[in-house]
Amino acid sequence: MKKDEYAPSRLWVIVEAALEYFISIVTSGAYLAKITSALHFSDSLTGVLSSFVSLGCIFQLGSGFVFRRAKRVKGRVIGFQMAYQLLFVVVYLTPVMNAHENLRTGVFLTAFLSAYILINLVRSQKNTWMLSLIDNGKRGSFTAKKEIVSLLSGMIYTYIIGSAIDRYEAAGNMRGAFILLAIVIFSINALHMVSLCLTKERKAENAEKANERASIKDVVKNKKVMSVMLISVLWYITTYCATPFYGAYQVNQLKFSMRFISILSIVYAIVRSIVSPFMGRLADKHGFVKMAFVCFFVAAAGFLACAFTTPENGKILFSAYNVLNAVSMAGINSAILNIVFSYAPAEIRSQAIALNHAICGVCGFLTTCAASSIVDHIQANENMLWGAHLYPQQVMSAVAVILTLLLLLYTYFGVLRREKAH
């Protein structure tokens with residue numbers, strides 16, 4: 001029996017995903033809100049910054065330029081990955097800079113935005129590299145295993161980090177907390193580079209010619225690929241109208257401690273780890289579109305719980321949202337990438353993934369920008385809307401429920417039913 005030379009690399013793919021997940025945890029959500037609060041940013045601006053993670057995806061269209069004529073992508077991916085993670089070290093050091101507030105804000109924005117530009121210039125090629133190591137028919141199960149490792153290790157990681165921040169904050173030393181997290185990110189970056197270096201790259205047949213010939217135009221001409229892309233686009237519009245504001249909501253209005261936020265992360269990780277294998281098997285057996293359809297129902301229930309969340313019931317209802325979100329994202333997270341990967345022919349996969357993320361990113365960012373004006377308006381009116389006392393996050397969650405229902409209709413009638421007819 002021939003030895004599988006890529007088996008060790010698949011293990012390193014799992015390790016690499018966990019390490020990158022550790023960095024993403026402390027550069028988003030409530031952790032990002034801690035930095036922006038120290039820099040005196042508003043909730044709406046924090047939400048817009050959170051959504052730049054989405055807008056940054058447009059730079060994936062530049063991957064064709066970065067990798068033009070490249071026979072191998074590994075070296076360039078490693079270089080860009082190292083650079084963006086070091087920029088996050090700078091992000092955490094900006095609140096402790098001995099400089100004018102305007103200068104600190106400028107450094108923070110430059111480092112934060114540049115990091116997401118660099119991430120996205122290589123993301124589609126990195127995803128193609130990693131997915132090419134996994135056999136067709138096993139990607140759902142493999143993705144589930146990868147997520148379980150990330151989530152369970154991230155569970156321990158977030159509890160330790162959250163507890164440390166709470167201790168620093170209780171001692172009135174947020175400066176120490178920011179420095180600690182900068183050191184943590186720097187250390188994880190070093191380990192992340194090692195994992196990437198030890199992951200082999202499968203050389204695609206005629207890779208160089210494919211890189212030269214394939215273009216975004218070829219993707220647009222493929223109606224089947226474009227129709228399934230719309231599922232991702234509608235999901236980004238749905239989630240980015242509400243979730244970018246949840247980090248500030250937890251910190252500023254619901255008054256959750258970082259320890260409680262860490263506990264929420266632990267519960268999220270446990271639930272998602274339990275559900276992920278089931279979602280993986282569902283995707284391998286029935287396809288990623290059907291699996292995503294099931295998850296969208298659960299996501300709608302989660303947004304509905306958030307629509308009724310207030311400081312009085314926050315720990316109960318936001319925890320309910322957290323659990324429902326974990327169940328839904330156990331499938332949606334992998335579906336967004338794998339749906340396009342599955343439908344796109346091999347010669348246009350990288351371009352299809354890049355275009356998918358770019359369109360999703362722009363739509364997500366513009367959605368958050370529009371939503372931020374509503375958030376500002378409601379907060380300016382002392383959380384009053386049409387005579388009722390409502391927090392803006394409640395309103396945006398209600399909108400997300402409606403959008404999720406529209407997404408379910410499109411997924412069923414626009415993709416699943418049409419495929420059954422053919």
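Residues numbered from 1 in each chain as written. Predicted model: local features only at pLDDT ≥ 70, side-chain atom pairs only at ≥ 80, totals over all residues. Heavy atoms only, no water.

Enquirer: So what's going on with the overall build of the protein? Which residues, and what values?
Expert: Regarding its fold elements, the protein presents 17 helices and 2 strands. In terms of C-alpha radius of gyration, the protein reaches 21 Å, essentially the compact-globule figure of 22 Å for 422 residues. C-alpha atoms of the protein, sized along the principal axes, occupy 60 × 50 × 40 Å. By the burial criterion, 55% of the 422 residues in the protein qualify as buried. In the protein, of all internal contacts separated by at least 6 residues, the share reaching a separation of at least 24 is 85%. (Helix = DSSP H or I, 4+ residues; strand = E, 2+ residues; numbered from the N terminus. Rg over C-alpha atoms; globule rule 2.2 N^0.38 Å. Buried < 20%, exposed > 50% of the residue type's maximum accessible area, 1.4 Å probe, protein only. Contact = heavy atoms within 4.5 Å.)

Enquirer: So what's going on with unusual backbone geometry? Residues and values would help.
Expert: A positive phi is found at H40, a non-glycine position, where the angle reads about 65°. Position of H40 among the secondary structure elements: in the loop between α2 (29-38) and α3 (43-55). On the accessibility criterion, H40 (57% relative accessible area) is exposed. Unlike most non-glycine residues, K255 shows phi in positive territory, near 60°. Relative to the helices and strands, K255 is located in the loop between α12 (246-253) and α13 (258-286).

Enquirer: Help me get a handle on the packing of helix α7 (residues 139-170) against helix α8 (residues 174-197), residues and values and all.
Expert: Running from amino to carboxyl end, α7 crosses α8 at an angle of 155°, the nearest separation of the two axes being 7 Å. It follows from the interaxial angle that α7 and α8 lie roughly antiparallel. At the point where α7 passes α8, the crossing takes the right-handed sense. Judged by residue contacts, Y157, I161, A164, I165, Y168 and E169 of α7 engage M174, G176, A177, L180, L181, V184 and I188 from α8. Its residues assigned to classes, the contact of α7 with α8 comprises 11 nonpolar, 1 polar and 1 charged. (Axes fitted to C-alpha atoms, helices over the stretch in contact; angles between N-to-C directions. Parallel < 35°, antiparallel > 145°, perpendicular 65-115°, else oblique. Left-handed = near helix turned anticlockwise from the far one by under 90°. Nonpolar A, V, L, I, M, F, W, Y, C, P; charged D, E, K, R; others polar.)

Enquirer: Requested: an account of the packing of aromatic side chains, with residues and values cited.
Expert: With the rule as written, the count across this model stands at 21 aromatic pairs. Each residue in the set W235, Y246, F256, F260, F296, F303, F318 and Y321 is aromatic and connected to the rest through ring pairs, giving one cluster. Its end group placed over the ring of F260, K315 keeps NZ or CZ at 4.9 Å from the ring centre. (Phe/Tyr/Trp six-rings, centres within 6.5 Å; stacked < 30°, edge-to-face > 60°. Lys NZ or Arg CZ within 6 Å of the ring centre and 35° of its normal.)

Enquirer: So what's going on with the confidence of the model for the protein? Which residues, and what values?
Expert: Fine structural detail should not be taken from predicted coordinates in areas where pLDDT scores are low. Here the protein shows a mean pLDDT of 84. Residues at 70 or above account for 91%. No element of the protein has a lower mean pLDDT than helix α9 (residues 207-213), at 47, and none a higher one than helix α14 (residues 288-307), at 94. (pLDDT = per-residue confidence, 0-100.)

Enquirer: Describe the pattern of salt bridges, listing the residues and the values that go with them.
Expert: One pass over the structure, following the stated rule, counts 4 salt bridges. Close ionic contact of E16 with K126 constitutes a salt bridge, the shortest N to O distance being 2.5 Å. Highlighted residues: E16 in helix α1 (residues 7-25) and K126 in helix α6 (residues 101-131), separated in sequence by 110 residues. Here E16 matches K126 in class, with each residue buried. Put simply, E169 and K34 hold a salt bridge, and the shortest N to O gap is 2.9 Å. Of this pair, E169 sits in helix α7 while K34 sits in helix α2, and the two are 135 residues apart along the sequence. Sharing partners across several salt bridges, the network here consists of E16, E20 and K126. (Salt bridge = Lys/Arg side-chain N within 4 Å of Asp/Glu carboxyl O.)

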